[in-house]
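# Tertiary structure, described
Chain by chain, the residues:
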Amino acid sequence: MPPSSASAAAPPLAARTGVKTTGLGAALQRWRVALSILALCLLPWVLPSQALAVNVLVFGLFAVGYNLLFGYTGLLSFGHAAFFGGGAYLTGIAIAHFGLGWFPAMLVGVLGAGVLAAIMGALSIRTRGIYFSMVTLALSQLVYYVALQASSWTGGENGLRGFTVSTLNLFGFTVDFLDPVKKYYVLMVFAALALWFVSRLLNSPFGAVIEAIRENETRARACGYDVERTKLIVFIVSGLICGLAGALSALHLAIVPLDTLHYQTSGLVVMMTLLGGAGSFFGPFVGALVFLLIEDVASLWTSHWQLIVGLIFIAFVLFLPKGIWGTLISRRSQG
Amino acid sequence: MDLELILMQLFSGVALGAVLIMAALGLTIIFGMLGIVNFAHGALFMVGAYAGLWVAEQTGNFWWALLLAPLAVGAFGMLIERFLIRPLYKRSVDDPLLLTFGLGYVLVEAVRIVFGTDGVPFATPEALSGVVDLGVGYFPLYRLFVVGLVAVVLLALWFALEKTRFGLIVRAGAKDPLMMRVLGVDISALWLAVFGLGVALTALGGVLAAPMRNVTPEMGTLVLAEAFVVTVIGGMGSLLGAVVAGLVVGVAVSMTALFAPEMATIVMFALMALVLLFRPQGLFGQGARA
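On to the overall build of chain A. Looking only at helices and strands, chain A has 15 helices and 2 strands in total. Against the compact-globule benchmark of 20 Å for 335 residues, chain A has a radius of gyration of 19 Å, which places it among compact chains. Put simply, of all contacts in chain A between residues at least 6 apart along the chain, 74% involve residues at least 24 apart.

From N to C terminus, chain B includes 11 helices and 2 strands. Each helix (α) and strand (β) of chain B, taken in turn from the N terminus, gives the series α-α-α-α-β-β-α-α-α-α-α-α-α. Here chain B has a C-alpha radius of gyration of 19 Å; the compact-globule value for 290 residues is 19 Å, and the two agree. For chain B, the spread of C-alpha atoms along the principal axes amounts to about 60 × 50 × 35 Å. Here chain B holds 290 residues, and 49% of them are scored as buried. Put simply, of all contacts in chain B between residues at least 6 apart along the chain, 74% involve residues at least 24 apart.

A positive phi is found at Ala254 of chain A, a non-glycine position, where the angle reads about 60°. Positionally, Ala254 of chain A belongs in the loop between helix H11 (227–253) and helix H12 (263–276).

Attention now moves to the nonpolar core. Formed by 194 residues in total, the largest nonpolar core has its most connected members in Leu57 and Ala138 of chain A together with Val229 of chain B. Ranked by the residues each element gives to this core, the list is headed by helix H1 (residues 3–34) of chain B, at 16 residues. Dropping the residues within four chain positions of it, Ala138 of chain A is found in contact with Ala225, Phe228, Val229, Val232, Phe269 and Met272 of chain B.

Okay, the interface of chain B and chain A next. Counting from both sides, the interface comprises 35 residues of chain B and, opposite them, 35 residues of chain A. Residue assignment for the side of chain B that touches chain A shows that the elements contributing at least two residues are helix H4 (94–115), helix H9 (219–234) and helix H11 (264–278) of chain B. In terms of residues, the side of chain B that touches chain A owes the most to one element, H4 of chain B, which gives 14 residues. Residues that form the side of chain B that touches chain A fall into these classes: 26 nonpolar, 3 polar and 6 charged.

Given a rise of 1.5 Å per residue, 19 residues ought to cover 27 Å, and the 28 Å separating the end C-alpha atoms of helix H13 (residues 283–301) of chain A matches this to within 8%. Every buried residue belonging to H13 of chain A is among Gly283, Pro284, Phe285, Val286, Gly287, Ala288, Leu289, Phe291 and Leu292 of chain A, and all of these are buried.

A few words on the pairing of strand E1 (residues 167–170) of chain A. Residue and element names in this part refer to chain A. Two strands pair when backbone bridges link them, and E1 and strand E2 (residues 173–176) are joined in this way by 4 bridges, in the antiparallel orientation. Paired with Asn169 across the strands is Thr174, a residue of E2. Between the antiparallel neighbours E1 and E2 lie 2 residues, among them Phe171 with a positive phi of about 50°.

Before going further, it helps to spend a moment on helix H9 (residues 205–215) of chain A. Of the residues making up H9 of chain A, those classed as buried are Val209, Ile210, Glu211, Ala212, Ile213, Arg214 and Glu215 of chain A. Contact partners of the buried residues in H9 of chain A: helix H3 (50–72), helix H10 (217–222) and H11 of chain A.

As a further point, take the environment of Gly162 of chain A. Residues and elements named next belong to chain A. Along the chain, Gly162 falls in the loop between helix H7 (151–154) and E1. A tally of 11 C-beta atoms within 10 Å means that Gly162 is categorised as exposed. The spatial distance from the C-alpha of Gly162 to the C-alpha of Arg229 is 40 Å, given a sequence separation of 67 residues.

This part takes up the packing of H9 of chain A against H11 of chain A. Angle between the axes and distance between the axes: these two values describe a pair of packed helices. Residues and elements named next belong to chain A. Axis separation between H9 and H11 bottoms out at 10 Å; the angle between their running directions is 110°. With respect to H11, the element H9 is oriented roughly perpendicular. Two packed elements cross with a definite hand, and for H9 against H11 that hand is left-handed. Along the contact surface, H9 presents Val209, Ile210 and Ile213, while H11 presents Val227, Thr230, Lys231 and Val234.

A few words on the environment of Trp54 of chain B. Residue and element names in this part refer to chain B. On the secondary structure map, Trp54 appears in helix H2 (residues 41–59). We classify Trp54 as partly exposed; it has 17 C-beta atoms within 10 Å. When the C-alpha positions of Trp54 and Leu84 are compared, they lie 26 Å apart, and in sequence the two are 30 residues distant.

Moving on to the environment of Tyr89 of chain B. Within the secondary structure, Tyr89 of chain B sits in the loop between helix H3 (62–85) and H4. A C-alpha to C-alpha distance of 33 Å links Tyr89 of chain B and Gly17 of chain B, two positions 72 residues apart in sequence.

Residues and elements named next belong to chain A. The contact between helix H5 (residues 102–124) and H11 brings their axes to 7 Å, and the two run at 145°. Along this stretch, H5 crosses H11, giving a crossing that reads as right-handed. Looking at side-chain class alone, the contact of H5 with H11 contains 17 nonpolar, 8 polar and no charged residues.

The next subject is the confidence of the model for chain A. Do not read the predicted coordinates in detail wherever pLDDT is low. Taken over all residues, the pLDDT of chain A has a mean of 88, while the share at 70 or more is 92%. In this model residues 1–20 of chain A is a low-confidence stretch, pLDDT under 50, and it forms 48 contacts with partners more than four residues away in sequence or in other chains.

Conventions adopted
Residues numbered from 1 in each chain as written. Chains lettered and ligands numbered in written order. Predicted model: local features only at pLDDT ≥ 70, side-chain atom pairs only at ≥ 80, totals over all residues. Helix = DSSP H or I, 4+ residues; strand = E, 2+ residues; numbered from the N terminus. Rg over C-alpha atoms; globule rule 2.2 N^0.38 Å. Contact = placed C-beta atoms within 7 Å. Buried ≥ 20, exposed ≤ 12 C-beta atoms within 10 Å, placed from the backbone. Core = buried A, V, L, I, M, F, W, Y, C linked by C-beta atoms within 7 Å. Nonpolar A, V, L, I, M, F, W, Y, C, P; charged D, E, K, R; others polar. Expected span 1.5 Å × (residues − 1). Pairing = 2+ DSSP bridges. Axes fitted to C-alpha atoms, helices over the stretch in contact; angles between N-to-C directions. Parallel < 35°, antiparallel > 145°, perpendicular 65-115°, else oblique. Left-handed = near helix turned anticlockwise from the far one by under 90°. pLDDT = per-residue confidence, 0-100.

Okay, structure coming up:
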């Protein structure tokens, strides 16, 4: 395995979470899934509103899926709205047009996003470096315009409606899905499973290979790893998780706005991931939480909160490229 | 389907191609010389359109808008390069991209604050309104003017880059910045100038497009995607590539509009996917750039 000594020359975004640090850092690392789930359990009770908690959950998961590709593999995609929106639309369409139950519909959404990611990934991974961002953006805009035109399926500009799920049947129990707290915890179960999966993936030899590709692609290839195939697999897994986030968002909102597919949504997840800390396990959720809190607070006194968010983002790129969590971690491992 | 209609669509396609070339030019020049992708490109296009609108309102003259707006926005672009992008040259290639994305976000919101969120109509200048008889049908004069102006801009650019000493230095600087520094060329000033030029061209595209498109704070989002499609098809950093790709896409879009209007926007992206399958570096691209 490539040693972590390469991190000295690593790009600034690549905030390696020190696996071998002792004390608090090691404990955080070891119990990262349990700690994340604990934090998520507390979220509805510490945030000002339950709606905000669900948003943090959905966008945090979206950012976790995105971070696999951007933070860990070093591929800056600007097209992940296609998977988030694709997962949301397909879930909604499966319920509204085919009368599927909520769970099979979610499966359709997640798998559909995976297929979409396989196609987009296969096309965009052929291109190198900075091209990748442009190609992913343009391909996701293709999905956006297809959804706009296929209005008999997607509702076009008005978004997809008419698939409200009011009760869930879970192993014989009926859950009132209109109760925000119950809804939050049902959705959280899926997010928790995804987090566990991502953590396992990152700890596996495969996880080491994707970080090796980020640190030094040529060297990873020289070591005999199939770089293209690995990138494609990460792209698909990332798409699946973002699709799951989209499916959860569809079930939560009971509407899929067309803007979900727009590249501004891809931009949101890029900003959240970078604010929190790309390439760190907790970073994406921290980023989603901070971003949505800023939006929540700033939109109270100005409708132009995007200006504030944009300026904060620029400041982070210039001065804190490791993000909030990434900076905290590197401070600790230095001292 | 008669021939005249097809010929007219062909003309529309060329006119659309000229607009697309103009939309992609600034992006491709900045990438070709500096190696950075300007994600604020669409927003600067929009700022150019608004600047043109403002100058035209103040002076009551479209020609002043065409001249002053690109100059002013170009100067603004130089400020961006000097204070925001220059600190990032030594970092990963992703950092300028992320920064300009954030900048685009800020610019759109700033324009919303100053000019409001609704679209503003931009009248076609009186001297250029009306239609011309092309023999097969009538064609808007303004679109012909755009095609002509874009051709002039392209020729001037080609001349400046290929035939002058400044162009020689710029091209050498793109190939080997370190060697140029050793030879005593102030590469920072050069990049400042190139970035300013790229942004000025983008703003010119915005002013030119203003009478044909809706001037809204969000008009840049489509332009950014279009410019990406054109540069990816043509090959990043290639002027000739941008010209050929712009024309191909323009004609393809307007021909599709004739037969299947609902597919018109989609065909542009499909064309890009096709090029990526068979020639990932684009039609005139020279493989990957570091």
